[in-house]
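A closer look at the structure
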Amino acid sequence: MFSRSILAVAVLTACAPALAETVTGTVVDEQGSPVAGATISVEGSRKTVTTDEQGQYRLADISPRDVHIHVSSKAYLHGDKDLGKIEGDQVVDFTLTPS
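Presented here is an overview of the structure given in this document. Since this is a predicted model, take the numbers as computed values, not measurements.

Looking now at the overall build of the protein chain. Along the protein chain, the regular secondary structure elements total 1 helix and 8 strands. For the protein chain, the proportion of its 99 residues judged to be buried stands at 27%. Within the protein chain, counting contacts between residues at least 6 apart in sequence, those at least 24 apart form 48% of the total. With an accessible surface of roughly 6500 Å², the protein chain has 53% of that area assigned to carbon and sulfur atoms.

Right, dumping it as C-alpha cells:
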C-alpha cells in the first residue's frame, strides 16, 4: 500500500503543470501615442493577444523558458524582444516606428 502511495505522488508530480508567468506591457508609437490593435505573440507557441485602446496587452500562462516576443501592426515596422528565460512576471514595452 505504501509503494502505491509513492507511485501516485510520483505520477501526480510528473503530470503537474510547469509554473506559468505573465508578460504585460504597452505598445506606443514614436510620439508616445498608444498603438491599439497591435498583435503580440510568443514565438514557438500559440499565445497571441491584441493591444487594447490604450496600447496595453497581457500574455498569461507563459512557460518559464526562453521567450521571444513579436509585435506587429499595420503601418508600423514590427518589433521583437528576446526575454531569455523568464522568472516571474515581466513588463515589456514596445515603441514602434512607422513603416
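Picking up after the structure, the text goes on.
Looking now at a negative patch on the surface. Taken together, Glu43, Asp66, Asp80 and Asp82 make up a surface patch of like negative charges. In this structure, glutamate 43 sits in the loop between β2 (39-42) and β3 (48-50). Here glutamate 43 falls in the exposed class, since its relative accessible area comes to 53%.

Turning next to the packing of aromatic side chains. The full count for this structure, using the stated rule, is 0 aromatic pairs. A cation over an aromatic ring shows up here: lysine 81 above the ring of phenylalanine 94, its NZ or CZ 4.9 Å from the ring centre.

Bringing the environment of isoleucine 62 into the picture now. Residue placement: isoleucine 62 occurs in strand β4 (residues 56-62). The class for isoleucine 62 is buried, based on a relative accessible area of 1%. Measuring from C-alpha to C-alpha, the distance between isoleucine 62 and isoleucine 86 comes to 8.8 Å, with 24 residues separating the pair along the chain.

Definitions and limits used
- Residues numbered from 1 in each chain as written.
- Predicted model: local features only at pLDDT ≥ 70, side-chain atom pairs only at ≥ 80, totals over all residues.
- Heavy atoms only, no water.
- Helix = DSSP H or I, 4+ residues; strand = E, 2+ residues; numbered from the N terminus.
- Buried < 20%, exposed > 50% of the residue type's maximum accessible area, 1.4 Å probe, protein only.
- Contact = heavy atoms within 4.5 Å.
- Areas by Shrake-Rupley, 256 points an atom, 1.4 Å probe, with all protein chains shown as cover.
- Patch = residues over 30% accessible without salt bridge, like charges linked within 9 Å, V, L, I, M, F, W, Y side chains within 5 Å.
- Salt bridge = Lys/Arg side-chain N within 4 Å of Asp/Glu carboxyl O.
- Lys, Arg positive; Asp, Glu negative; His and termini not counted.
- Charge placed at Lys NZ, Arg CZ, Asp CG, Glu CD.
- Phe/Tyr/Trp six-rings, centres within 6.5 Å; stacked < 30°, edge-to-face > 60°.
- Lys NZ or Arg CZ within 6 Å of the ring centre and 35° of its normal.

None of the figures reported here should be taken as evidence of function without further support.
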